[in-house]
Every structure is written in structure tokens, then in C-alpha cells.
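Summary of the model geometry
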Amino acid sequence: MFADTASAFTTRRVDESAQASAVYAIYPHETYGPLVGAFVVAHNPNGGLSLRYQRLLPENADQFTSILDETDLKLVELLGALSPHQLLKRFGEKGMTPQKFAKKFGASPYKEVLWGFIQGQLAAAYPLLADRPLYLSAGDGYPADKPLQLLPSPASMRFFFTRSPEGTDYRVEVVHGERVLELHSTDGEVLLDEPAWIRSGNTVVRFEGEVDGRKLKPFFAKPVIRIQPKFEQDYYEKFLTKLLEQHEVSLKGFALHEVAPKPEFLLQLLRSSQRMYTLRLRVAYAGVEFLPGQGAEAQVRVLKGGGAEVQFQKILRELATETAVAAQYTALVPELGLADFQATEPEVYAWLAEHLPALQAAGIRLVHDYPGPRLFTGPYALRYAVQRQATEVYATPLVEVDKHTLPLDRFFDKLRNLASPPLTTLDGEVFYLRPEEHLTLRHLLEVGTLEGGRLRLSVAQAALLPNVDPVALGLPGGIGSLPEATLPKQLTATLRPYQKAGFDWLVFLRDHHLGGILADDMGLGKTLQALTLLAHESERKPEHPSLVVVPNSLLFNWLQEIRNFTPQLKVHVYAGTKRVRTENSLFRYDILLTTYGMVRQDIGRLARTRFHYIVLDESQYIKNRDAKTTQAVLKLDGKHRLSLTGTPIENSTLELWTQFQFLNPGLLGGRRFFEDHYATPIEKYQDEARANRLKHLVRPFILRRTKGQVAPELPELVEQVRYCELSPEQERLYDQEREQLHASLFSEALATEENFERSKFQILSSLQRLRQIAIHPRLIDPDHPDTGGKHEALWEHLEDILAEGSKVLIFSQFVRLLQILKTELNERGVTYSYLDGQTQDREKAVNYFQEDPNVQVFLISLKAGGVGLNLTAAEYVLLLDPWWNPAVEAQAIARAHRIGQHRTVFAYKFITQGTIEESILELQARKARVANEIIQNDEQFFKKLTRQELLNLLDRPRQAPLAEDA
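With respect to topology, 7 strands assemble into an open sheet ordered β31-β32-β30-β33-β34-β29-β35, the strand pairing being parallel. Looking at the sheet topology across the chains shown, the edges are occupied by β31 (571-574) and β35 (702-703). Of the strand pairs in this sheet, strand β29 (residues 516-518) and β35 are connected by 2 bridges, and their pairing is parallel. In the sheet register, L518 faces β35, and the bridge partner there is L703. On top of the sheet, helix α11 (residues 526-538) reaches β29, β30 (546-550), β32 (591-595), β33 (610-617) and β34 (637-644); it is set at about 170° to β33, its chief contact. Packing against the sheet, helix α17 (residues 653-663) makes contact with β29, β33, β34 and β35, and its axis sits at approximately 145° to β34.

With that out of the way, let us pick up the packing of aromatic side chains. The description of two aromatic rings rests on the distance between their centres and on the angle between their planes. Inspection of the entire model under this criterion finds 22 aromatic pairs. Centroid distance Y170 to F219: 5.4 Å. Interplanar angle 75°. Geometry classified as edge-to-face. Taken together, the residues Y170 in strand β7 (residues 167-176) and F219 in the loop between β11 (203-206) and β12 (225-227) connect sequence positions 49 residues apart. When the centroid spacing of 6.0 Å and the interplanar angle of 50° are considered together, the rings of Y170 and F239 count as tilted. With Y170 in strand β7 and F239 in helix α5 (residues 229-246), the pair connects residues that are 69 residues apart, well separated along the chain.

Below, the discussion takes up the packing of helix α9 (residues 435-447) against helix α19 (residues 688-698). Between α9 and α19, whose axes approach to 12 Å, the crossing angle comes to 40°. Judged on the interaxial angle alone, α19 and α9 are oblique. For the element pair α9 and α19, the recorded crossing hand is right-handed. Contacts from E436, L439, T440 and H443 in α9 reach R690, R693 and L697 in α19. Looking at the contact of α9 with α19 residue by residue, the class counts come to 2 nonpolar, 2 polar and 3 charged.

So, about the sheet that holds strand β10 (residues 197-200). Strand order in the open sheet made by the 8 strands is β3-β2-β1-β4-β5-β11-β10-β9, with mixed pairing throughout. Strands at the two margins of the open sheet, each flanked by one partner only, are β3 (49-55) and β9 (188-192). With strand direction ignored, the average angle separating the axes of adjacent strands in the sheet is 35°. Bridge count for strand β1 (residues 20-27) against strand β2 (residues 35-43) is 8 bridges, and the pairing is antiparallel. Following the sheet pairing, V23 is matched in β2 by F39.

What follows covers the pattern of salt bridges. Inspection of the entire model under this criterion finds 41 salt bridges. Its salt-bridge partner being E264, residue R365 comes within 2.5 Å of it at the nearest N-O pair. Here the residue R365 occupies a position in strand β21 (residues 364-368), and E264 occupies one in strand β15 (residues 264-271), the gap between them amounting to 101 residues. What makes R365 partly exposed here is its relative accessible area of 45%. For R671, the salt bridge is made with E675, and the minimal N-O distance between the two is 3.7 Å. With R671 and E675 both in helix α18 (residues 671-685) and 4 residues apart, the pair spans about one turn of that helix.

Conventions and cut-offs
Residues numbered from 1 in each chain as written. Predicted model: local features only at pLDDT ≥ 70, side-chain atom pairs only at ≥ 80, totals over all residues. Heavy atoms only, no water. Pairing = 2+ DSSP bridges. Helix = DSSP H or I, 4+ residues; strand = E, 2+ residues; numbered from the N terminus. Contact = heavy atoms within 4.5 Å. Axes fitted to C-alpha atoms, helices over the stretch in contact; angles between N-to-C directions. Phe/Tyr/Trp six-rings, centres within 6.5 Å; stacked < 30°, edge-to-face > 60°. Parallel < 35°, antiparallel > 145°, perpendicular 65-115°, else oblique. Left-handed = near helix turned anticlockwise from the far one by under 90°. Nonpolar A, V, L, I, M, F, W, Y, C, P; charged D, E, K, R; others polar. Salt bridge = Lys/Arg side-chain N within 4 Å of Asp/Glu carboxyl O. Buried < 20%, exposed > 50% of the residue type's maximum accessible area, 1.4 Å probe, protein only.

No statement about biological role is implied by the geometric values presented.
Here it is as C-alpha cells:
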């Protein structure tokens, strides 16, 4: 199967300087029929084509650019993919011989995969051959043997049917203008099945309309085909009726009657299973149903089979009317079009209740095609009677339906425990709450306390109520509408207006016993705003100290900020061997400054202490509910709670739930409730409505301002992507690794989805190697002689920065890459500072870079130095490898572009073109979450990729031009 005529051509190489032409030849393949190849053929002295030729493939096309235009190059690419070498490379496994390939891809399901690819390439290529020299190859392989004429316009078919007692005879004519092609009388073949292309003698013909080339193959062998009487009825119903709808047909021994009844539009409500229902739009003509606006202008059906004459009825349709009505319907369900609308009974009913008036106005009639109670399709409204009493809110849900007010307390158990329970009106008709209304009520039932027919809620939980003014309930409204709080006298800093507004917001939350997240952009002074709050609290003489929990790397930063801005606060660093051991000793301080690790280690002691405020800095550290650190933090006892983070959500919405369990316990319901109703719909199904609802619920408790919004005085940030090319040796290494992974995805070991899923870790390791090769070959082979294209581009850039005397931050997630750069900086005599996860004295490394003018370079591990550093001495930020969470990269850039920076900051992201680096960035954009802040991390990102998405990552072309601008 795998060997074909073209591969056996005795190629006589064409000299590049010789006069030559590009030609295209149809040649036979023993399994897949006629294929097409591109060739270059040298000229004779008289200008004609000689016997010297060579196959044109993508790998040698650059030798003949003088005779190839853009169409030729496209054809070479399409047809070159059909060469044995390319098919083996694309679909085979590493080391697979042509014989093994033929055995594997000669059987299903692999044969269908390969056949589909071949047909697709040919379907794209044939239209491009319209003005190209086309030949039929010779038996000895010479491509330009017999010239072929490709007819410029499509042909049509005429069918002739004659019925007699012996059976039904039919024949076909191919018609092109005045010319009739008799297929059986010439040498010919079907070149392409769909869309159909054929060769009849030296003529190549394409067809208009839906013509299946496989149906023409019998007519190359004989002029007439006879259908025996015992097969006639089935043949008429399955084949002849379709021909009569789409083609010109001559009938003898048949009767064809045309009718034109008025269309009737039906929306059928069907029961597809016990809990699933289907809405199906159809148009009916005299009882015959169609999908509106789809199909032929007429439908033919057999009225009578047998007897002297076969009767056919041809129903003429009003396609324009159907299309207009269908457009009104699809405007209501644009994501489905005219496909069946399948959903649970309550979802279907809720949809009908909303849209039925518009459907009826369009002339669409609802038809109940199942037994059961009738649907109430009139309007209804769900509202809440709300009362505020001290620190609590009472809400009574009521439904106004069919001119009655219906209390819902008798349905509370159903509404809490069932996905979408049926409710009944006073007249016994069934109705359902709309999904989002039911979710709101179910959420309230999850977190509130039932007292008779009403729900008792905390002020924080009252944020769940729809269409309720948050200010009236004591919740923060707009940031500018809050009362101003008095700044603490001991504060030595002058707050910017947005920082003062943030302080006012924090005091408002404190006064109403609400927890919140200060989520300002990196570099806007979250620490300063929190310290202003703690200083304000200390002047109120609280009974207990406040606890501030930070990553270990930020202890130095917090101490510096306290000394600078609130020096009167008494602070104790609760870490190391000198931390106080007794509860009474803790009360001598205003602030206990500790780390997440220390909380985890000493939770037994700390959990016994009542704190005035608990402040979590970089609160994403408690994102994992099951982690020991998170469990320890949730045991802490604090009167007030505050979180600081520029990234409230790093990987999933469940992290937000965990943080709110710390801040306002119970607000977002239990973990299972939150997963079922928010995390899964948002992350798995990209439910935009559910994501927007979640944002609405948490908005009163999260304050986020970006630099662009509140710090216009910041200098410009210029972000660019610096594309780099693979070096030749790096490209060889990358392609070798890529092909191994590509082959493994087609291997027998990964043939089933179960095996594929089990092998995700191994695949992830291979993808990691690809990423490392794209960055620097020595990341996988320390002795590799080549440094790679990105490394060369980095030094070109870095030398310019050093020459102008500027300072630069260089980030990488790979410490090994930083070690390589350390060695080279030492060899070149460049003074630098260095920080990774093993650096003991971060303060010294920062001050060395910030204060010494001779230190121009700061090498930083992305994970270790992405937060908590003020490095405003730098004008340049270089990111050497892409991090799949953009928030992490933004944090790195914010080390330089923050308050205190007075110069333009230039941030460059180095991307190796045509590699997995570029591909994954594009895929990340396509798979972006509905909520912008929901980003996947590396491992989660790769684990969710499908086999085809992995193949797309690996098959990225490398011919696109390089570009500098992001």
C-alpha cells in the first residue's frame, strides 16, 4: 500500500540553472487510487519538455523559486504532504518501516484517518490547478506523458430511468455546456470523491452541487445499470427520491406529482428520557416535516410501489419563509442554531416561559408530544421581602404567578436538595424557577438559617440577595461613597488619594465586622494601607494583638515598612528560636509578624490566642483547602480578618472559596456546594453567567485597583515580545524530541483514551524537555556544545543595556539557566546580584543591586523573586521563559514598575519562534477563562489538553516572519 508510482519514479535531477517548468501529474496509487504530484521538468533545446524531471517537495522547492509563484508553492506544500516520506513522518512512529506503516494504516481505524487526510489535501489542491499544466503520468513514471484539459466551469449530471417488468434501468450523462461525456466509452476514473472530480479521457471535470464521485464509478465500466425488481422499492426510497430532489432526471414508467401546501411551524416538546426533554423546531407540509430553511427546495417521496406505474409526490417548499422564521428562532438560541435543544425539564420550561410569546408572534406553535401536567408558560416574578435588624438581615422569598402571590416556604426542602424541582401553581400547573433564580435561593438556603417562612442572614451573606442596595444593608458600595476615616497620628507616610480611599474601605469593613481582600495591583502599596489600618486600630487600644502572616521571603519587607511608616507600633517577629513562648508575652506587642510555615508549626499555641486582626499577605498561600498550611490558618481566632494579594485567584475559583472561608466563613456555601454550582460550571464549561454571578457575590469584599486607574504618575511601561530563532543544532535537537513525542501520541501504547490519560505525566515530562530545549540546550544536556538562538539574542540585548549604563532584572523559572548566566557574567567581568529560593539574605541581595551603581544585573528566580521586592533601580526587565500564568509574569515586571519608579520601564519577553513556547501562549489565549483572573498553572494546564491539542502544539510551522512588537 505504502509504495506508490511516484516514489518509484526514476528521477533525473534537474539542474537549477537549466530552463525548466513546474508541472502537475496525476498518477496511480495501488490503494488510494489516483493522486497528484508536483514536478519540475527541464526543457529541450527547442523549448519543449524533456525527459529530465524531478519531484517537487517542500524540502527542495527553494531551489526553483525562479519558476514557482505563490500558487505553485502552496500546491507543493499540499501535494508534498502526500509523499511516502511525509506520510510516514506525520502518521508513523519512530523507526517504523514502510512495510509496518502499510500494515497498520491499511486497516481501520487508522486507514480512515489517513484516507481522510489524503482526501482533504486533494480537495484543497484541485481548485488551484485551474491554470497549471496538468498531465497524466506514464506507466514508467514519466510525469508529463499526456496533457490533460481541466474544464474551467463545473459540469452537471443528467439521469435517465426506465422501468419495465424486468426491472429499472438507469444511466447517467455528464454534461458540460453543449458537450456530453459518455463515461463508459473513454478511459477515465474518479479523482476525488467529495467534492466530486473525475477524469474522462484527457478531460478533467468538476461538478456543482452535492455529487458523490463514488456513485459514478460503475458507469466507467458499463453504460447502463439494472435494478432487479426485488430491490426496486428500497432503491426508489433511498436513492431515486434524492436524485429527483437535486438533479435533472428523465423518467419512463413513473408518475411525478407536484404539490405546494402551506407551511406550518411547530416547536415540538419531546420527552427523550425520564428527566431530559427536547425542543425541536420543524416545518410541516401536508404532514411531512423538515428542518426549516435546510435541504432542497422540494422533497420527493414514493406514494406507491409496484403495479403498472410508480407514483412519486414532489412537495414544493417555501424556503424563503422558512429561513425568515428560522432566523427568529435561532436568535433566541444562537449557540444551537437549528439543532435540537436538549435540557432538563425545568430548564426547558424556564426557557419556554421566557420565549414563548416571541415564538407565538413568529407563527411558531408549541406542541406537547408527551403525556403529563401542562406547563404554565405565563410570566412570573421572584422577589424578596427584606428587613434589617441590628447586624442581621431577614429575607422572605415570594413568587408572583398567575395573579397570585405564592410563598415558597413549603418548597424549601425541594429547592435546597433537588437540582430543579417542579413547583405548582394554585391551579395545579407546573412551573420552574429560572436556573439563576434557583441558584440564588439555593445558595441562601445553604448559608442562611430558616425561621418560619423566612431566612436569617448575616450582613455579609445579604450580599447574595438580588436587586438589593448593598449600602442599605451595611455593605460597601462604590469606593467613593464610603465615609472618611481618620488617619492614625503615628503614620509617617503621606497616602496617595487611592491609598486613603483603600484605608477608608478597610475601616468600613472593620466597623461592619466583614472580612475583605485588598487586591490592588502589584506595587500600589497594599502593605502601607494595611499598616495604616493596624496603626488606626492600635490607637483604639484593642484587647488583643494583631497577627500578620507573610511568606518567609517578605519578613524583611514588612519590618522595613513598619520602621518607615508606623515606627510606634510594637512588633515582634514570631519566628526562629527567639520567638516568645507564652500567651501573656504576646500581649506586649501590637503586631506579631510571622510566616505561614511558623503558623503551621505552632498552630497548637497560636490557635489558643485571640487576635484583634489577622492579616494574610500574599493570601494565595492558603489557596489549597487541603494543605496543612491552610488548615492551620483556618484554625486561627481573629475578631477581624484581612487578606492582601494581587492575585486572588491563581489557578481555580476554589482558591477564592478557601480565602473566603478565612474571611467570611459560610458566605460562599460549603465546599461541595461551591464546586457544583460555581467551580465546575466556570472552569469546565466556561459558564459566563455563573462567573459573572460569582464576581457579583464577592465584589463587596474585594477591592482591586490597577496602576493605570490610580497611579497615572507612574512612568510608561513598554512591554514587547522578542522572538528568537532556533540555532541549527538546537533545531535538530528540538525536532528530534518533538518527533519522538509526536510518534508516541500515535503509538499502540497510547491508542486508547484510557492509556493516553494514564500517560499524561510522561507526556508532561516530554513537553518540559521541549520547553527547556527552546530556552537553552544545556538545560537538558550540560555538555551540549550549542547555546541556542535565545541565548544569543539575550546577550545581544544585554550588551546594549550594559553599554548604556542601565540596570536590568533577568527572570527565569529555571535555576540552572541562572547558573549558566552567572558563569558567563563572571567570565565577562560583569558585576551582578543573585537571588533564588536558596538565597539566605534577600535584603543584602536587594540593597546590593539597588544601591551600588556598579551592579547592573540582577539574576532572579521567578518563583523566589516574583513578589515582595522593590527594585525601582532597574529600567529593564527580561523574562527568559514564558510562564503560563500571566499574573506571575506581571508580578515580576512589577518589581521595577511600581511606586517610586521615575523612568520608563521596558519589559521584554523572550520567545523562541515556531516552538512550544509560541504555541502554548496562543493556546492559553484560546482557552482563557470567562473570568479574566482565572488562570491555569503549568501542570493543570497540560493535564487538560486533548490529544489533538497536543499535536497542534507540536506541529507549529516555523516559516512565519519574526516580529518584535508584542
